[in-house]
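# Coordinates in review
Here's the letter readout for the chains.
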2 protein chains.
Amino acid sequence: MDLQKNSALQDLLSQHLKDLTTCEGLSEAEILAGIKSGHMVLLGNPKHPNLSPCLIGQPARVKVNANLGTSPLSSCLESELEKVKVALKAETDTIMDLSTAGDLDKIRAAMLESCPKPLGTVPIYAVGKNLIDADRGIPTMQPDELFAEISKQCAQGVDFITVHCGLSKRGADLAKKNRTLGIVSRGGSMLAKWMLTNKQENPLLTYFDKLLEICRPYNVTLSLGDGLRPGAGSDAGDAAQFEEVLNLDLLCQRAQEYGVQCMIEGPGHMSLDKVAGQIQAIKLLTHKAPLYVLGPLVCDSSPGYDHIAGAIGGAIGVQAGVDFLCYLTPAEHLTLPDEEDVRLGVYASRVAAHAGEIALGRKHALAREAAMNCARRNLDWEGMQKAALDPSMVEKRHAVEKTEDTCAMCGKFCAVKMLKDI
Amino acid sequence: MDLQKNSALQDLLSQHLKDLTTCEGLSEAEILAGIKSGHMVLLGNPKHPNLSPCLIGQPARVKVNANLGTSPLSSCLESELEKVKVALKAETDTIMDLSTAGDLDKIRAAMLESCPKPLGTVPIYAVGKNLIDADRGIPTMQPDELFAEISKQCAQGVDFITVHCGLSKRGADLAKKNRTLGIVSRGGSMLAKWMLTNKQENPLLTYFDKLLEICRPYNVTLSLGDGLRPGAGSDAGDAAQFEEVLNLDLLCQRAQEYGVQCMIEGPGHMSLDKVAGQIQAIKLLTHKAPLYVLGPLVCDSSPGYDHIAGAIGGAIGVQAGVDFLCYLTPAEHLTLPDEEDVRLGVYASRVAAHAGEIALGRKHALAREAAMNCARRNLDWEGMQKAALDPSMVEKRHAVEKTEDTCAMCGKFCAVKMLKDI
């Protein structure tokens, strides 16, 4: 990518590049080369107040996103802002506001205000809400309504947007015809309904250059959505999915030429044995653009525990090249996540990211492990707390024997202590 | 293994073989061949009242164990019996009583009474408790004390016992000298202390035949313990670990010749990239004896979330050949698990087992996935509940929109519904 074409990104880099080198353990040259080659993106809209931008793309640290936002059953702004706090406390790297109920502009503004980390959205949700509220069917959507919404959100300060630009009529047809579970992306299903009813191509594909024009002045990064991600393990890796990936690659190249940063969104449901192969295939097809995945969920039958099924796939995914993990919470497939779900979701993804980075031999991950093991060897509970992904868990749950430095699980049976004097 | 040598096992088979074929989806011939070759074991002591025996060894279903039991900080029998109920409700396949405080004989008897699934123990814990209570050091243990304890527990009805017979003086020396975290197995550290202080070989190794003699009449299965399992990722796959595996293989062959069934216990902490290779190496070295693993934990820095780190390793482990997963709970490395920890631990392991079995194409796992996806396609919430690993989660957490069949996460934005009429 030619940085000269994106002055907002240039400004962002001139302000933050030095800090980024410290936080990522990379040189300025490595970061700049990553961004220029399109293998990394720097999320940050100059309109977002008090923003710390976030670098995405390995070997930068693997990042984690938390999805928040209202739904028709629960549209309380205050409770979403509480969830923002919980997600930030659990050290999420970004947040997405997926609200579909209430005053969406007000909710988005409040979230931008309270979140110093990059905030993403899926603009078609706001358009969909307006249509549903006005009792208009999705197929009556005018492309200009969608672009107007995107413009508004860019000006508001949103840092990245999911846009399902690669979902073609051909892909929608393939998914409709051949799948166990059709289309499970909400944005994707709206666009598919629009296309299949109107017999027209996806406006985000047709007018892609318009999108680039809107986003570039704000350095809004496109998260090129996977509207055809598999919703069942048995749909994984099918023609519909890869039809979209091929389109995403072409669009990503086009955007980079224009000076707009892009990430690629990835699957989805797929069995354990498919994860590494699928991730490698997608990374190769998309010329190593940052890959942002939901899951992958390695089983379909774990509602209530999808954060665990997602962590299994996420860890293997990171090892295979995933750059950015979107969390799944225990509420996935069931209901809107509450605060505890949000906390668990962020930590499950952080465990997955950490496990994947250890496997890749990343220095910061190995240093954390070494610190933990040194503390364990010394029965140094403060040291364990510091090294833990979630220090509060060690603080809260470590019940010490009254007269011992061992824990309540083993007490005098502590294996580490047993051999100390030999 | 020559079945003729183990009449308790023959009796068990004559009572239960038919039921096992139904529940495992295997033929009588397959089960008998599996047991004879030592690739499968059938857990069940005729003295255990109302027992449903459990077959372990793929392609039989992968099984899950829950560790329970008192500790010096919490030695309430009633609360352990509540945890037995929770573990059984979550569909654990076996339970281990790892109690180290209170009246251990009474606790064990009560657990056997209340648990119709196989119950395992680590007999050296009871010996260790007696020594600590009598203010005698571990090195004063007389081998006969250990064998007397094992005899008592076999007669009481215990179905399998962890015995660290393969932990040699050479292995203990290697682990003491070269490791980040030495020995982290409680039983292993007791035996190592005994050996290194007394400069004698492990009595469970020296008098292994005595152990066989005690166990055979009760068909007590030996779970050949991994006293030298790595306690830090950086210790994984070292000489100490494999020294023990080599011994376990020899002992396993000896036991099978004598007519005693054996499982091999496995690691432990190891990074993601090592799991498949390590598991395959151990399975090969031990001639495909059933492999029973704790984890593998793919990171060290996740206290509070070790059930997730363990599920990641467990899923990959099952795909690589693991037969039996010992759960890890969110309390691991911190304190004794409470009821909620037990529930989460069992489900995390069941998710891992299911994910691994899907990857292996096991029929029962694929059938569950197909049922779930069929229910999802039809927005059939009752069907989803039936297919879910934890039906109660769907029942409790699925908040339905009042006038819709969709859920509170998506409502009118339901992707599945969006395209139903096209």
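Residues numbered from 1 in each chain as written. Chains lettered and ligands numbered in written order. Predicted model: local features only at pLDDT ≥ 70, side-chain atom pairs only at ≥ 80, totals over all residues. Heavy atoms only, no water.

Attention now goes to the pairing of strand E6 (residues 160-163) of chain B. Residues and elements named next belong to chain B. The side-chain alternation of E6 yields two buried faces, one formed by Phe160 and Thr162 and the other by Ile161 and Val163. Relative to E6, strand E5 (residues 119-121) runs parallel, the two sharing two bridges. Residue Gly120 lies in a different strand from E6, and its bridge partner there is Phe160. (Buried < 20%, exposed > 50% of the residue type's maximum accessible area, 1.4 Å probe, protein only. Helix = DSSP H or I, 4+ residues; strand = E, 2+ residues; numbered from the N terminus. Pairing = 2+ DSSP bridges.)

Here we take up the relation of the copies chain B and chain A. Note on the copies: chain B fits chain A at an RMSD of 0.0 Å, the axial shift is 0.0 Å, and the rotation between them is 180 degrees. Such values leave the two copies arranged in the relation of a two-fold axis. No C-alpha of chain B approaches the rotation axis more nearly than that of Ile312 of chain B, which lies at 2.2 Å. A shared interface surface links the copies, since 100% of the contact residues of chain B are contact residues in chain A too. (Least-squares fit on C-alpha atoms with pLDDT ≥ 70 in both. Contact = heavy atoms within 4.5 Å.)

This next bit is on the packing of aromatic side chains. Residues and elements named next belong to chain A. Summed over the entire model, instances satisfying the criterion amount to 12 aromatic pairs over all chains. Centroid distance Phe147 to Tyr207: 6.3 Å. Interplanar angle 85 degrees. Geometry classified as edge-to-face. Linking Phe147 in helix H6 (residues 143-156) with Tyr207 in the loop between helix H9 (203-206) and helix H10 (208-215), this pair joins segments that are 60 residues apart in sequence. By relative accessible area, Phe147 is classed as buried at 3%. On the basis of relative accessibility, which here comes to 42%, the residue Tyr207 falls in the partly exposed class. These aromatic residues form a ring-pair network of at least three members: Phe160, Tyr292 and Phe324. The cationic tip of Arg216 hangs over the ring face of Tyr258; the distance from NZ or CZ to the ring centre is 4.0 Å. (Phe/Tyr/Trp six-rings, centres within 6.5 Å; stacked < 30°, edge-to-face > 60°. Lys NZ or Arg CZ within 6 Å of the ring centre and 35° of its normal.)

Let us look at the domain arrangement of chain A. Residues and elements named next belong to chain A. Taken domain by domain, chain A holds domain 1 (3-361) and domain 2 (364-418). The straight-line distance from the C-alpha centre of domain 1 to that of domain 2 is 36 Å. Contacts between the two partners involve nine residues from domain 1, matched on the other side by eight residues from domain 2. Approximately 890 Å² of surface area, both sides summed, lies buried where domain 1 meets domain 2, with 63% of it carried by carbon and sulfur atoms. Put simply, domain 1 and domain 2 have one salt bridge between them. The residue Asp390 makes a salt bridge to Arg343 at a minimum N-O spacing of 3.9 Å. Counting the contacts that link domain 1 with domain 2 gives four residue pairs in polar contact (both at pLDDT 80 or more). Here the side of domain 1 that touches domain 2 is built from residues that sort into three nonpolar, two polar and four charged. (Domains from an automatic or database assignment. Buried area = accessible area lost by both parts, 1.4 Å probe. Salt bridge = Lys/Arg side-chain N within 4 Å of Asp/Glu carboxyl O. Polar contact = N/O pair within 3.5 Å; in protein donor to acceptor, adjacent residues only side chain to side chain. Nonpolar A, V, L, I, M, F, W, Y, C, P; charged D, E, K, R; others polar.)

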